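Summary of the model geometry
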Protein chains: 2
Amino acid sequence: MKANLILQTAVSHFAKEGYAGASLSKIAEEVGIKKPSIYAHYKGKDDLFISALHYSLDTQKAQIASYFYSMKNEPLEPLLFGYFEWFAKESQDNERMKFILRAAYFPPLKLEKEVGNLFNPFFDNMHLHLTRLLRERHRHEKVLYSDDFSDMALAYLTVTEGTMTELVYTGVERYNKRLHAVWPIFWRGLTK
Amino acid sequence: MKANLILQTAVSHFAKEGYAGASLSKIAEEVGIKKPSIYAHYKGKDDLFISALHYSLDTQKAQIASYFYSMKNEPLEPLLFGYFEWFAKESQDNERMKFILRAAYFPPLKLEKEVGNLFNPFFDNMHLHLTRLLRERHRHEKVLYSDDFSDMALAYLTVTEGTMTELVYTGVERYNKRLHAVWPIFWRGLTK
DNA sequence: ATCTACCTTCCTAACGGTCGTTAGGAAATA
DNA sequence: TATTTCCTAACGACCGTTAGGAAGGTAGAT
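Residues numbered from 1 in each chain as written. Chains lettered and ligands numbered in written order. Predicted model: local features only at pLDDT ≥ 70, side-chain atom pairs only at ≥ 80, totals over all residues. Heavy atoms only, no water.

1. Overview of the side chain of N94(A)
All names here are of chain A. Cut-off, in case you're wondering: A run of H or I in DSSP becomes a helix once it reaches four residues, and a run of E becomes a strand once it reaches two; helices and strands are each numbered from the N terminus. Definition of a polar contact: a pair of N or O atoms within 3.5 Å, with one able to donate and the other able to accept a hydrogen when the atoms are protein atoms, and with sequence-neighbouring residues admitted only if both atoms are side-chain atoms.
By the element assignment, N94 lies in the loop between helix 4 (76–91) and helix 5 (95–105). Within polar-contact distance, the side chain of N94 engages the backbone oxygen of E90 at 3.2 Å. Among the polar contacts listed, one links the side chain of N94 to the backbone nitrogen of R96, at a separation of 2.9 Å.

Next comes the structure, spelled out in structure tokens:
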């Protein structure tokens, strides 16, 4: 399917160059078609961008869900910490993540609203599931210090984003340094 | 000084539109001059971008230093926590911070090297001063759990960035929610 | 089985527009 | 007089987009 190839190439270009910096000519060139042929599959640059974001978020969501499912029988600490390591492995040479971060933090102004409409449910969904996970686990493991599971989930997400930005910006070595600096402190603060 | 007015306008435009999205015509228009007049002050778009970044980092550095100096007689906890609140107040309608973040995470590819040369000393400097601060304070207050001050400083910076990105992206309300979710946990993990 | 109509996909050519940049000169400042 | 600052005019390059048509496949009717 050419449409999908265009989409994936677009993700890579938008990740590296941003919305304004990416060029349809170059995307088409990498796909192996001419620029106007893109219009057989997408209405225009905006449509391509939104489609790429939609696709990226769906894929990301599925991957995260599959990680948490695969770890569902592990204790809480390796489950939460392992997510960081899994994430680093998944995200290497993975431009989808970079695209997602870039679109989240610095969306093209004219698409701000539509981008927000895609992101807000995504984050709310993550927060909700994480809150539920913590509540569920606490019932059996009873290791958590507080019982405000929503706040703990939000704190966890904050740490993931603080390290993720480092991963995207400077690479995996400094990401790991940060991770091993912050995790023992955070986990100590989280548990009894 | 017209050069400085151009610089500040450029910061605002680069923050909102990014390097590729910002246009010299629009910057000139907002300043009240014509586009080619910019070339009387800067060699071109690249020079303007780098100058704007240099200026932004210098200003930011001075402001941060002045906060920590003004709080030098406070205990460690209000000093570290207050930085978040001070930061939110400073950063409202402050496009400098947005520009700095954007330039740090998603620099224009062709200026990646020069941008890195400006950022790396900035972050290293922050990390160094924070490490020293923690070591110094621990000698008198003895509240810290660990004695790896470098790792604690890095962890603190990670939390600041995790919340800062939220501040830039969604605004001050959700920033405060995150802050009040993560800080008690983090501080508990940091201290005896 | 063949013809017809239609739709998808891709092309070349070209559109109007904006981009960053330069040339060259006028006005102001020192 | 020399230099800085600003202007108008224009450059070539690239942008996203559209027009119009060729090639190919598909579906239904004859």
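2. A word on empty space enclosed by the protein
Just so we agree on the cut-off: A cavity here means a set of points on a 1 Å grid, drawn over the protein atoms and nothing else, where a 1.4 Å probe fits but cannot get out; a pocket is an open set with protein on both sides within 12 Å along at least five of seven lines, and a residue lines either one if it has an atom within 4 Å of a point. Grid points are joined across faces, edges and corners, and a volume is the space filled by probe spheres set on the points. Polar here means any residue other than Ala, Val, Leu, Ile, Met, Phe, Trp, Tyr, Cys and Pro, which are nonpolar, and Asp, Glu, Lys and Arg, which are charged; Gly is therefore polar.
Following the criterion strictly, the structure yields 3 cavities of 30 Å³ or more and no others. A volume near 260 Å³ is recorded for the largest cavity. Contributing to the lining of the largest cavity are 23 residues, with M97(A), F122(A), F123(A), E161(A) and M164(A) lying nearest its centre. Taken together, the elements giving at least two residues each to the lining of the largest cavity come down to helix 3 (45–70), helix 4, helix 5, helix 6 (112–141) and helix 7 (149–170) of chain A together with helix 7 (149–170) and helix 8 (172–190) of chain B. A breakdown of the residues in the lining of the largest cavity according to their chemical character gives 14 nonpolar, 5 polar and 4 charged. Forming the walls of the second largest cavity are 15 residues, and the residues nearest its centre are M97(B), F122(B), F123(B), M126(B) and M164(B). Here the residues of the lining of the second largest cavity sort into 12 nonpolar, 2 polar and 1 charged.

3. A short note on the side chain of T165(A)
Basically, it comes down to this: For every residue, the accessible area obtained with a 1.4 Å probe (protein chains only) is divided by the maximum for its type, and the residue is called buried under 20%, exposed over 50%, and partly exposed between those limits. Every residue pair with non-hydrogen atoms within 4.5 Å of one another is taken to be in contact.
Its place among the elements puts T165(A) in helix 7. With a relative accessible area of 2%, T165(A) lands in the buried category. Beyond its immediate chain neighbours, meaning those up to four positions away, T165(A) contacts Y105(A), Y105(B), E161(B) and T165(B).

4. What to know about the interface of chain A and chain B
By a frequent convention, interface size equals the accessible area lost on bringing the separate parts together. Using the following cut-off: Buried area, as used here, totals the accessible surface that two parts lose on assembly, with accessibility defined by a 1.4 Å probe and the loss added over both. For this analysis, a salt bridge means a side-chain nitrogen from Lys or Arg found within 4 Å of a carboxyl oxygen belonging to Asp or Glu.
Each side of the interface is counted separately: chain A has 43 residues, and chain B has 43 residues. Summing the contributions of chain A and of chain B, the shared interface buries around 3700 Å²; its carbon and sulfur component is 64%. On the chain A side of the contact with chain B, F106(A), Y169(A) and R188(A) bury the most area, a combined 21% of that side's loss. If you look at where chain A meets chain B, you find 2 salt bridges. Its salt-bridge partner being R178(A), residue E161(B) comes within 3.1 Å of it at the nearest N-O pair. Counting across the interface, chain A meets chain B through 9 residue pairs in polar contact (both at pLDDT 80 or more). Of all the elements in the fold, those that place two or more residues in the side of chain A that touches chain B are helix 1 (2–21), helix 5, helix 6, helix 7 and helix 8 (172–190) of chain A. Considering only residue class, the side of chain A that touches chain B consists of 20 nonpolar, 10 polar and 13 charged.

5. Some words on the packing of helix 7 of chain A against helix 7 of chain B
In helix packing, the relevant descriptors are the interaxial angle and the interaxial distance, both defined with respect to the helix axes. Rules: Axis definition: a line fitted to C-alpha atoms, limited for helices to the stretch in contact. Angles are taken between N-to-C directions and run from 0 to 180 degrees. Should an angle fall under 35 degrees it is taken as roughly parallel, and over 145 as roughly antiparallel, whereas 65 to 115 is taken as roughly perpendicular and any remaining angle as oblique.
Here helix 7 of chain A crosses helix 7 of chain B at 95°, and the two axes come no closer than 7 Å. Between helix 7 of chain A and helix 7 of chain B, the crossing angle belongs to the class labelled roughly perpendicular. Here helix 7 of chain A contributes T158(A), V159(A), E161(A), G162(A), T163(A), T165(A) and E166(A) to the contact with helix 7 of chain B, which in turn contributes T158(B), V159(B), E161(B), G162(B), T163(B), T165(B) and E166(B).

6. A short note on the protein's contact with DNA strand C
Keep this limit in mind: Whether a residue is near a molecule or strand is decided by its heavy atoms; if any one of them lies within 4 Å of it, the residue is near.
Not every one of the 16 residues close to DNA strand C is listed here, only the nearest: K34(A), S37(A), H41(A), Y39(B) and K45(B). A share of 67% of the atoms of DNA strand C within 4 Å of the protein falls on sugar and phosphate groups. Within the backbone of L24(B), one N or O atom sits 3.1 Å away from a phosphate oxygen of DNA strand C. Side-chain polar atom of Y39(B) to a phosphate oxygen of DNA strand C: 2.6 Å apart, as the coordinates give it. Here the surface near DNA strand C is built from residues that sort into 7 nonpolar, 5 polar and 4 charged.

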